[in-house]
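# Residue-level structure breakdown
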Amino acid sequence: MIRSPRAWALEQNDRRTVFTSGTEATMFAESRPFRVAPHRLPAWKAVLPIGGHAELLQPGRPVTAAPGLLVPPQLTHTCAATSPCIALFIDSWLLPSRPEPIRLDAGAVRRVLAALGTTDSDGPGTCVDLAAGYGELRTLAGRPAPLDPRVAHAVDLCTSLDPDMPLASVAIEVGLSEARLRALVRQDVGITLTRLRRWGRLRTAIADLPGSTATLAAATAGFADQAHLARTARDFIGRTPVSLRRAET
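Quick caveat, the model's predicted, so the values are computed rather than measured.

### A look at the sheet that holds strand β5 (residues 43-49)
Judged by pairing direction, the sheet is antiparallel, and its 7 strands sit side by side in the order β1-β2-β3-β10-β5-β8-β11 without closing on themselves. Each having just a single partner strand, β1 (6-12) and β11 (102-104) make up the two edges of the open sheet. In this sheet, adjacent strand axes meet at a mean angle of 15° when their direction is disregarded. Summarising the sheet, β1 and strand β2 (residues 15-21) pair through 7 bridges and their orientation is antiparallel. Looking at the pairing, alanine 7 lines up with threonine 20 of β2. Sitting on the sheet, helix α2 (residues 130-141) touches β2, β3 (26-30), β5, β8 (68-71), β10 (85-91) and β11, and the angle it makes with β10 is about 75°.

Written out as structure tokens, the structure reads:
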């Protein structure tokens, strides 16, 4: 839930990586095929290959392949794209809860890409319309149930407005006991406030990477150290901050 859009693009040899984050979504784009390690993201992920297809592997299950995929939060999986690709991360409460990935056909992928404002076969630049992309995904997946206002404010505090505020203080701010707040967040969002806070900090750290060292980005975002940032990145998105700056196979 980063309020002001933040964006960067990095180029190395024949590879271009683009990052941008706003209220409705966070985006990574890769200018060539890519694969990420097993991870469990506390948000929806739309995998939108540009001309190829997406592959998803869950432990103990066969590969799911489609022109595009919409992966629900908290699903342990490995993901790959066979072409340049866009990945959109959408906060869990912004789409209706579903237990299984949603296959997107080629037409649906084209509509989301068009809504973002990119038709380039190598992927987008930093000036994409994240709100329009999210709107198209909501058309495909449906409207979510509204959050309890107290939960919405607590999530906002923890992930954007004041991520260092102790959870006990957050509970007082929204007029609930800490135990009741934790229970309501788990019920309405499906993810703990602690995990949501780490997700918000990760997005902040990644947004700062090009103009900073990983150590400074970690400290600025509220991580204990660079190792804590790297562990969180591997857990949530299947890649490390350092990997964003170098070519991967």
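Past the structure itself, the notes keep going.
### Focus on the side chain of threonine 159
Mapped onto the fold, threonine 159 is located in helix α3 (residues 149-161). At a separation of 2.7 Å, a polar atom in the side chain of threonine 159 contacts the main-chain carbonyl oxygen of valine 155.

### Notes on the packing of helix α1 (residues 106-116) against α2
Remark: α1 packs on α2, axes separated minimally by 7 Å, with the N-to-C direction vectors making an angle of 155°. Viewed along their axes, α1 and α2 adopt a mutual orientation that is roughly antiparallel. Once α1 is placed against α2, the crossing between them reads as right-handed. Residue-level contacts link Ala108, Arg111, Val112, Ala115 and Leu116 of α1 to Leu130, Ala132, Gly133, Glu136, Leu137 and Leu140 of α2.

### Brief notes about the nonpolar core
Counting residues in each nonpolar core, the largest one holds 45 residues, and the members touching the most others are Leu48, Ile86, Leu88, Leu181 and Val189. Once residues within four sequence positions are removed from consideration, valine 189 is found in contact with Ser92, Trp93, Leu147, Val151, Val155, Leu184 and Leu196. Counting residues in hydrophobic clusters, the runner-up holds 23 residues, among them Phe19, Ala43, Leu202 and Phe236.

### Let's talk about empty space enclosed by the protein
Counted under the stated rule, the structure contains 2 cavities of 30 Å³ or more. If you add up the space inside the largest cavity, you get close to 130 Å³. Contributing to the lining of the largest cavity are 17 residues, with Phe34, Val36, Lys45, Ala87 and Phe89 lying nearest its centre. When contributions to the lining of the largest cavity are tallied by element, the ones reaching two or more residues are β3, β4 (34-39), β5, β10 and α8 (226-237). Among the elements that line the lining of the largest cavity, the one with the most residues is β10, at 4 residues.

### Side note on α1
Every buried residue of α1 is listed here: Gly107, Ala108, Val109, Val112, Leu113, Ala115 and Leu116. Packing partners of the buried residues in α1 comprise β5, β8, β10, β11 and α2.

### Topic: the layout of surface pockets
Of the pockets and cavities examined, the largest pocket occupies roughly 260 Å³. Taken together, 19 residues line the largest pocket, and the ones lying closest to its centre are Ser92, Leu95, Ser97, Asp188 and Val189. Classifying every residue of the lining of the largest pocket by side-chain character gives 12 nonpolar, 5 polar and 2 charged.

### What about α2?
Between its first and last C-alpha atoms α2 spans 16 Å; for 12 residues at 1.5 Å apiece the expected length is 16 Å, and the two agree. Taken together, the buried positions of α2 are occupied by Leu130, Gly133, Tyr134, Glu136, Leu137 and Ala141. The arc enclosing the buried residues of α2, seen along the axis, measures out at 160°, which places them on a common side. Tucked inside the fold, the buried residues of α2 contact β2, β3, β5, β8, β10 and α1.

### Focus: the sheet that holds strand β9 (residues 77-81)
Overall, antiparallel pairing links the 4 strands, which are arranged β4-β9-β6-β7 in an open sheet. Of all strands in the sheet, those bounded by a partner on one side alone are β4 and β7 (64-66). Taking the axes of each pair of neighbouring strands and ignoring which way they run, one obtains an average angle of 10° across the sheet. Both β4 and β9 contribute to a ladder of 4 bridges, which runs antiparallel. Of the residues in β9, the one forming a bridge with phenylalanine 34 is alanine 81.

Rules behind the numbers
- Residues numbered from 1 in each chain as written.
- Predicted model: local features only at pLDDT ≥ 70, side-chain atom pairs only at ≥ 80, totals over all residues.
- Heavy atoms only, no water.
- Pairing = 2+ DSSP bridges.
- Helix = DSSP H or I, 4+ residues; strand = E, 2+ residues; numbered from the N terminus.
- Axes fitted to C-alpha atoms, helices over the stretch in contact; angles between N-to-C directions.
- Contact = heavy atoms within 4.5 Å.
- Polar contact = N/O pair within 3.5 Å; in protein donor to acceptor, adjacent residues only side chain to side chain.
- Parallel < 35°, antiparallel > 145°, perpendicular 65-115°, else oblique.
- Left-handed = near helix turned anticlockwise from the far one by under 90°.
- Core = buried A, V, L, I, M, F, W, Y, C linked by side-chain atoms within 4.5 Å.
- Buried < 20%, exposed > 50% of the residue type's maximum accessible area, 1.4 Å probe, protein only.
- 1 Å grid on protein atoms, 1.4 Å probe; cavity = no way out; pocket = protein on both sides within 12 Å on 5 of 7 lines; lining within 4 Å.
- Points joined across faces, edges and corners; volume = space filled by probe spheres on them.
- Nonpolar A, V, L, I, M, F, W, Y, C, P; charged D, E, K, R; others polar.
- Expected span 1.5 Å × (residues − 1).
- Arc of directions from axis to C-beta.

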